[in-house]
Amino acid sequence: MTQYKDGTNGERIHTSESVYRLAATGRQKAEDERLSLLEEIFDPLSRQRRAFVQPGWRCLEVGAGRGSMAVWLAQRVGVNGRVVATDVDTTYLNRLDLPNLEVRRHNILSDSLDSLDPGSYDLVCARLLLFWLAGKQEIAIRRMVECLRPGGWLIDEDGDWGMVAPVDPSHSHYAGYHRVWKNGEWWAERGYDPLFGRTLPMLFERCGLVNIRHKASATVVRGGSPWGRWWLQSLEAIRASEHADGSLTEERDTEYGVLTAPLTDPSFWFLSALIHGCWGQRGVS
Ligand SMILES: C[S@@+](CC[C@H](N)C(=O)[O-])C[C@H]1O[C@@H](n2cnc3c(N)ncnc32)[C@H](O)[C@@H]1O
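Residues numbered from 1 in each chain as written. Predicted model: local features only at pLDDT ≥ 70, side-chain atom pairs only at ≥ 80, totals over all residues. Heavy atoms only, no water.

*Asks:* Looking at this structure, how should I read unusual backbone geometry?
*Replies:* Glycine aside, negative phi is the norm for most residues, and most peptide bonds take the trans geometry. In this model, Lys-182 sits at a positive phi of 50°, which is unusual for a non-glycine residue. Relative to the helices and strands, Lys-182 resides in the loop between helix 4 (174-181) and helix 5 (185-188). Within the chain, Asn-183 stands out as a residue other than glycine whose phi angle is a positive 50°. A relative accessible area of 52% means that Asn-183 is categorised as exposed. (Helix = DSSP H or I, 4+ residues; strand = E, 2+ residues; numbered from the N terminus. Buried < 20%, exposed > 50% of the residue type's maximum accessible area, 1.4 Å probe, protein only.)

If you want it as structure tokens, here you go:
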């Protein structure tokens, strides 16, 4: 049974299995804004990646966040379809009110699947969730696969941060960014796999899925763009969580300054994270 309780500073949600570093507790408005930018940036591609969804389908969106994709799916499946949107924190999902959209507080790592009706979904999807479940992604994927009906599809979209880089070696922020970012090793120092996204097809196969397909997409953006603002707000949220748990050393704090300063500078162009989309089907036998 999962137990939820606020951290000492009220900013982190602890579960029996993991701590979600960007939990909204204590910073709901800021997280609402950050997730809203995330939706603005990623929804157009996510909709294309889910364009095969048919009226009448049953869909499960895991770690649905603020819910824009769950709402889109509910509209797509129509009155004869059904969407279940889950999250460990349903603060934002609870605002949604559509007759065919059901919201459930649920931890994909540790809560029983019984309440989700395993084996019944035509589509199970997640976006930018698995990255955060460091070392437990395969467990989460296996549990999502269990929710599919035979022949149903799993889609996951997740980031690969190894290639994020400024594009102009003559820019004043170029060398500093590289020195701190270290091709994404910055994430590894915090316990996350910066290259996670590229492992998805392999993990899907290991979890028994068939007809696996994969595509990845990145874009060159500038400081001050929605991407720049989202990345800035994400870094600030991680910095705040490190301040709260005592892991924010003076050196780390300085490094945050090096990474965040260019993100408001429109003369700073950088390659975004690569966002992988992976599809796989549960076998019928
Ligand atoms: C980066 S946000 C992405 C939100 C949404 N998928 C989107 O792309 O708009 C990650 C979400 O996963 C949720 N989450 C984190 N750990 C989870 C877990 N173990 N089970 C279910 N949801 C989780 C968080 O509360 C958060 O809403």
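*Asks:* Would you take a moment to explain helix 3 (residues 137-147) for this structure?
*Replies:* Residues lying three or four places apart along an α-helix face the same way, a consequence of the helix completing one turn every 3.6 residues. By the burial criterion, the buried members of helix 3 are Gln-137, Ala-140, Ile-141, Arg-143, Met-144, Val-145 and Cys-147. Elements that come into contact with the buried residues of helix 3 comprise strand 4 (58-62), strand 7 (121-127), strand 8 (148-160), helix 6 (200-206), strand 10 (209-217) and strand 13 (274-282). (Contact = heavy atoms within 4.5 Å.)

*Asks:* Would you take a moment to explain the packing of helix 1 (residues 28-49) against helix 7 (residues 226-245) for this structure?
*Replies:* The relative placement of two packed helices is expressed as an angle between their axes plus a distance between the axes. The N-to-C vectors of helix 1 and helix 7 enclose an angle of 145°; their axes lie 9 Å apart at closest approach. Here helix 1 runs over helix 7; the crossing is left-handed. Counted together, Ala-30, Glu-33, Arg-34, Leu-37, Leu-38, Glu-40, Ile-41 and Phe-42 of helix 1 and Pro-226, Trp-227, Arg-229, Trp-230, Gln-233 and Ser-234 of helix 7 form the full contact between these two elements. Among the residues making up the contact of helix 1 with helix 7, the classes are represented as eight nonpolar, two polar and four charged. (Axes fitted to C-alpha atoms, helices over the stretch in contact; angles between N-to-C directions. Left-handed = near helix turned anticlockwise from the far one by under 90°. Nonpolar A, V, L, I, M, F, W, Y, C, P; charged D, E, K, R; others polar.)

*Asks:* Explain the site of the ligand to me, please; I cannot follow it from the model alone.
*Replies:* In the vicinity of the ligand lie 16 residues, with Gly-63, Asp-87, Asn-107, Ile-108 and Arg-127 positioned nearest. Contact between the ligand and Asn-107: a nitrogen atom at 2.9 Å from a side-chain N or O atom of the residue. The separation between a nitrogen atom of the ligand and a polar main-chain atom of Ile-108 is 3.1 Å. Its free accessible area being 600 Å², the ligand has 96% of it covered by the protein chains. A breakdown of the residues in the shell around the ligand according to their chemical character gives ten nonpolar, four polar and two charged. (Near = heavy atom within 4 Å. Polar contact = N/O pair within 3.5 Å; in protein donor to acceptor, adjacent residues only side chain to side chain. Areas by Shrake-Rupley, 256 points an atom, 1.4 Å probe, with all protein chains shown as cover.)

*Asks:* Sorry if this is basic, but what is going on with helix 8 (residues 250-260) here?
*Replies:* Along helix 8, the positions that sit buried rather than exposed are Arg-252, Glu-255, Tyr-256, Leu-259 and Thr-260. For helix 8, the arc enclosing every buried residue in end-on projection is 125°, short of the 170-degree limit, so these residues lie on one face. Exposed positions of helix 8 whose direction lies more than 90 degrees from the buried face are Glu-250, Glu-251 and Thr-254. Lining the buried residues of helix 8 we find helix 4, helix 5 and helix 7. (Arc of directions from axis to C-beta.)

*Asks:* Got a minute to help me understand the sheet that holds strand 4 in this structure?
*Replies:* Sheets are built from strands paired through backbone hydrogen bonds, the pairs being either parallel or antiparallel. Taken together, seven strands build an open sheet; the order of strands is 6-5-4-7-8-13-10 and the sheet is mixed. The strands lining the two open edges of the sheet, one partner per strand, are strand 6 (101-105) and strand 10. Between one strand and the next, the sheet's axes are offset by a mean angle of 15°, whatever the strand orientation. Of the strand pairs in this sheet, strand 8 and strand 13 are connected by eight bridges, and their pairing is antiparallel. Opposite Asp-160, over in strand 13, you have Leu-274 as the bridge partner. Those strands touched by helix 3 are strand 4, strand 7, strand 8, strand 10 and strand 13, and its axis lies near 145° from that of strand 8. (Pairing = 2+ DSSP bridges.)

*Asks:* Just checking my understanding: could you explain the sheet that holds strand 12 (residues 269-271) for this structure?
*Replies:* With respect to topology, three strands assemble into an open sheet ordered 9-12-11, the strand pairing being antiparallel. If you trace the sheet from one side to the other, it starts and ends with strand 9 (165-166) and strand 11 (220-222), each paired once. Here three bridges tie strand 11 to strand 12, and the two strands are oriented antiparallel to one another. Bridging across to strand 12, Arg-222 finds its partner in Trp-269.

*Asks:* It is not clear to me how the side chain of Asp-32 should be interpreted in this structure. Could you clarify?
*Replies:* Looking at the element boundaries, Asp-32 is found in helix 1. In this view, Asp-32 contacts Arg-66, Tyr-92 and Arg-95; residues no more than four positions away in its chain are not counted.

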